[in-house]
Amino acid sequence: MGATCPFPICMSEASCYHCGLPIPDDLDLSVKIGGKPRAMCCYGCQAVARSIVDNGLDDYYRSRDSMPESPREAMPAILEQLAMFDHADFQKSFVKALGESEREASLLLEGITCSACIWLNERHISKLPGVIAVDINYTSRRARVRWDESRVRLSDILAAIAAIGYRAYPYDASKNEELAKKERCDALWRLWVAGFGMMQVMMYAIPVYMANGDMTADIESMMRWASLLLTVPVVFYSSAPFFRNAWRDIKLRRVGMDVPVALGVGAAFLASCWATLVHEGDVYFDSVSMFVFFLLGGRFLEMTARQKAVSVTEALAKLLPAFAQKMPNFPVDRNTLQCVVADLLPGDKVLVRPGEIVPADGRVVEGHSCANEALLTGESKPVTKAPGDLVTGGSINAESPLVVEIEQVGESTRLSAIIHLMERAAAEKPKIVVMADRIASYFVAMLLLVAAVVALGWYWVDPSRALWITVSVLVVTCPCALSLATPIALTVAAGALAKDGLLVTRGHAIETLARATHFVFDKTGTLTSGKMRLLEVGLCADLSETECLRIASALEQFSEHPVASALREAVADASTMAEGVQAEAGQGLEASIDGRRYRIGRPEYALKLSGGELPKTLQAWLEGGDTVVALADCNACLALFRIGDELRPEAASLVRELLHLGKHVVLLSGDAPAVAQRVGVALGITDVRAGVTPQGKHECVTSLQQGGAVVAMIGDGVNDAPVLAQAQVSVAMGCGAQLARTQSDFVLLSENLDHLRWGVRRAARTLVVIRQNLWWSFAYNVVALPLAIAGLVPPWLAGIGMSASSLLVVLNSLRIQRLEND
């Protein structure tokens, strides 16, 4: 050993100072130990060494006589998996490329027990060089991590997570279900041991209480020893997560919510053990076992409710089947070949039998059926599918076999876009959640100080009561309910809204929608369907409306114009055929039907055939802004057809309810004033602003905001992107490929405005529930703390109170799901 080295074991420059393993060439990590920077081989060793130094344990490196196991040696199976995470092929399923070297991964964390665990992981991961952002959702245990691949590897991030006692996996629905099942099983076993121990301990405690001092010393001693033995598995097995989490928090110099719990349980148990050994003082084995049982019971119910709350997202992730029936030689033959859905490519033909799930987005090429898209859009009615119609991956074929040509696969599908947007919303933390977490962390620190003062005070007043009163103070006021109050309500609401077809894509969206004072609507594609429809027929001759439509439909068979499609769709019988068609671009067309010559198109073009004039009673149609098509023969004008964008059937009820709630409704449209005003009158909107450019829409919303308005903008997603971004909360109509590109806060997947109406109600209910949860959490602590300090709350009752307060918050949040829709 060199004389200049102050530590018994000296390492070469190329080996890790902590574990002795070689240092990778592309890694530059160090920790200052003994006043000098010491090289580390991985982030795991760096985290452990830093923790040793931060806790003043530098002497460890002076006195050690052998190398510790490296994180890379301690968990060879785990680290072998971690190395695989750096391969591009392995990352395809859960990592997205956001730039040249920027990556984003969706991970699932194991070992999360409270919001303090979230805080610890976020702080720890964010300190790694190269990590850009990390967001973890408490309810779903899902993490979204962004990093610079040129500075840090994904395996290093996962190793850093493992170094502080957690495990991270690529997010996968089946893996999540497996971990949830494991979590429930483990919790049930711990709960069962605590419950069994509690019942047995009470069998020995009750006779002692009933004897009231009349029991002989040897019998009472036997009762105490029996209680101690029965409480040991409760403390060392059932309570193990509390102690493990508390120890981790203390090592990292922070106070989590398990710290007061562990202190209370540990202090009461150790004091009881001492009283049993010296045959003097009171024992609290019954209180310890009851407290642990009630606390674990509350956490188990909370966990069950939390897993139920995220069931919608998980159900979406499991929608796609694993295999598909590919038809490689269609239409030459109809033989099928089973293949993995992940291997499908655009252009492949697949057979989807009745009851099967459509494996990817595509278009029907053969067959007629209905598709159930309820989980994707919230629309409960099956949607008719025929050749040429689009089908969405994840929908269920309900009636007859369909042959589908695949158009989008993998991350390009509508289902993947929906899941990605839901993940984004779950990962983002609204300000109200951040504030509650910050308050809870400060509250725990203050609670420990209060408990210390209470212990000293009662030790001076009545030493025999000091211990159990201090335990009660530590337990009864643990702010679990405060930390749960907001995130659990938002998670339940997001799941319920997604079930209704309104997808939440931003964390703040629900709260802001509930606070919105002004609802600004685009017209085309939002309040209207965005498709040309026949609105009205004006007859100019003796022919009936049916006959005029039959002729018009026959003429328009040769046109692909949207106006022609609207006329064809208005006629059920399309058997009439036209001959000698002559089309004039931008004007219309002329053809013969049953030996008679007709023209259809612009009024001035059609009337040239007859030389007639447009009836004065129909002149107003031309001034109204809608498209007007004339039908004429050689003698006169036969009919006029008013074609326009029809109102969505749910638009009137939505506007009516918003006005009833006291909201200000604005219609912004780029259309002519007459058209926009007619829509406003039909819906009862008095604030109509027509002929507005995209820039004008942006300025209008800005002006409303400057007047103090909280603006909710509802538009078509991509065309209205600037004004949607300007509004405090935005809703985009969720159609096709636009879904993945939208930056709106909500996406109306079903494009059914009733679902938006229900969403406004549910958002308002959610805000009420959050306020109730927060008020309950504060009120509970304000009442419980003085009672516990006064010695009126025994430890077992403190455990019930703490568990009940958290459970009440969860159950109150679940009420959001039960909102009735009409």
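Please read these numbers as outputs of a predicted model, since none were measured by experiment.

Participant: Lay out a nonpolar patch on the surface in plain terms, naming residues and giving numbers.
Facilitator: Taken together, Trp189, Trp192, Phe196, Met199 and Tyr237 make up a surface patch of nonpolar side chains, about 570 Å² in accessible area. At four residues, helix 8 (residues 173-211) tops the list of elements feeding residues into the nonpolar patch. Judged by its relative accessible area of 52%, Trp192 falls in the exposed class.

Participant: Outline the sheet that holds strand 26 (residues 687-689), supporting the account with residue identities and numerical values.
Facilitator: In space, the seven strands of this open sheet follow the order 17-29-28-27-18-25-26, with mixed pairing throughout. Each having just a single partner strand, strand 17 (502-504) and strand 26 make up the two edges of the open sheet. Between one strand axis and the next, the sheet turns by 20° as a mean value, whatever way the strands run. As defined by bridge partners, strand 18 (residues 518-522) adjoins strand 27 (residues 711-715) across four bridges and the pair is classed as parallel. Across the sheet, residue Phe519 finds its bridge partner in strand 27, namely Ala712. The strands that helix 28 (residues 694-706) touches are strand 18, strand 25 (664-668), strand 26 and strand 27; relative to strand 27, the one it contacts most, it runs at about 160°.

Participant: So, the packing of helix 9 (residues 217-238) against helix 10 (residues 240-251): which residues are in play, and what are the values?
Facilitator: For the pair helix 9 and helix 10, interaxial distance at closest approach is 5 Å and the crossing angle is 45°. Here helix 9 lies oblique to helix 10, going by the angle between them. Taking contact as the criterion, the partners of Val235, Phe236, Tyr237 and Ser238 in helix 9 are, on helix 10, Ala240, Pro241 and Phe243.

Participant: Can you explain the side chain of Asn752? Please cite residues and give values.
Facilitator: Inspection of the secondary structure puts Asn752 in the loop between strand 29 (746-748) and helix 31 (753-789). At 2.9 Å, the side chain of Asn752 forms a polar contact with the backbone nitrogen of Asp754.

Participant: Hey, could you go over the packing of helix 11 (residues 258-278) against helix 17 (residues 463-476) for me, with residue numbers and the actual values?
Facilitator: Remark: helix 11 packs on helix 17, axes separated minimally by 8 Å, with the N-to-C direction vectors making an angle of 160°. In terms of axis orientation, helix 11 runs roughly antiparallel to helix 17. The hand of the helix 11/helix 17 crossing is left-handed. Residues Pro260, Leu263, Gly264, Ala267, Ala268 and Ala271 of helix 11 form the contact with helix 17, whose participating residues are Leu467, Val471 and Leu474. In the contact of helix 11 with helix 17, the residues fall into eight nonpolar, one polar and no charged.

Participant: Break down the packing of aromatic side chains for me, citing the residues and quoting the values.
Facilitator: Scanning all chains against the criterion turns up five aromatic pairs. Geometrically, the ring pair formed by Trp192 and Phe196 is stacked, given 5.5 Å between the ring centres and 10° between the ring planes. On the criterion of helical spacing, the pair formed by Trp192 and Phe196 is a turn pair, its members being four residues apart in helix 8. Aromatic side chains Phe236 and Phe269 sit 6.0 Å apart centroid to centroid with 85° between the ring planes, which places their arrangement in the edge-to-face category. A residue pair is termed long-range when its members are at least 10 positions apart, and Phe236 in helix 9 and Phe269 in helix 11 qualify at 33 residues. An aromatic cluster of at least three residues, connected via ring pairs, comprises Trp189, Trp192 and Phe196. When the ring centre of Tyr237 is taken as reference, the NZ or CZ atom of Arg190 above it lies at 4.7 Å. Positioned above the aromatic ring of Tyr605 is the side chain of Arg599, whose terminal nitrogen or guanidinium carbon lies 4.3 Å from the ring centre.

Definitions and cut-offs
- Residues numbered from 1 in each chain as written.
- Predicted model: local features only at pLDDT ≥ 70, side-chain atom pairs only at ≥ 80, totals over all residues.
- Heavy atoms only, no water.
- Patch = residues over 30% accessible without salt bridge, like charges linked within 9 Å, V, L, I, M, F, W, Y side chains within 5 Å.
- Areas by Shrake-Rupley, 256 points an atom, 1.4 Å probe, with all protein chains shown as cover.
- Salt bridge = Lys/Arg side-chain N within 4 Å of Asp/Glu carboxyl O.
- Helix = DSSP H or I, 4+ residues; strand = E, 2+ residues; numbered from the N terminus.
- Buried < 20%, exposed > 50% of the residue type's maximum accessible area, 1.4 Å probe, protein only.
- Pairing = 2+ DSSP bridges.
- Axes fitted to C-alpha atoms, helices over the stretch in contact; angles between N-to-C directions.
- Contact = heavy atoms within 4.5 Å.
- Parallel < 35°, antiparallel > 145°, perpendicular 65-115°, else oblique.
- Polar contact = N/O pair within 3.5 Å; in protein donor to acceptor, adjacent residues only side chain to side chain.
- Left-handed = near helix turned anticlockwise from the far one by under 90°.
- Nonpolar A, V, L, I, M, F, W, Y, C, P; charged D, E, K, R; others polar.
- Phe/Tyr/Trp six-rings, centres within 6.5 Å; stacked < 30°, edge-to-face > 60°.
- Lys NZ or Arg CZ within 6 Å of the ring centre and 35° of its normal.

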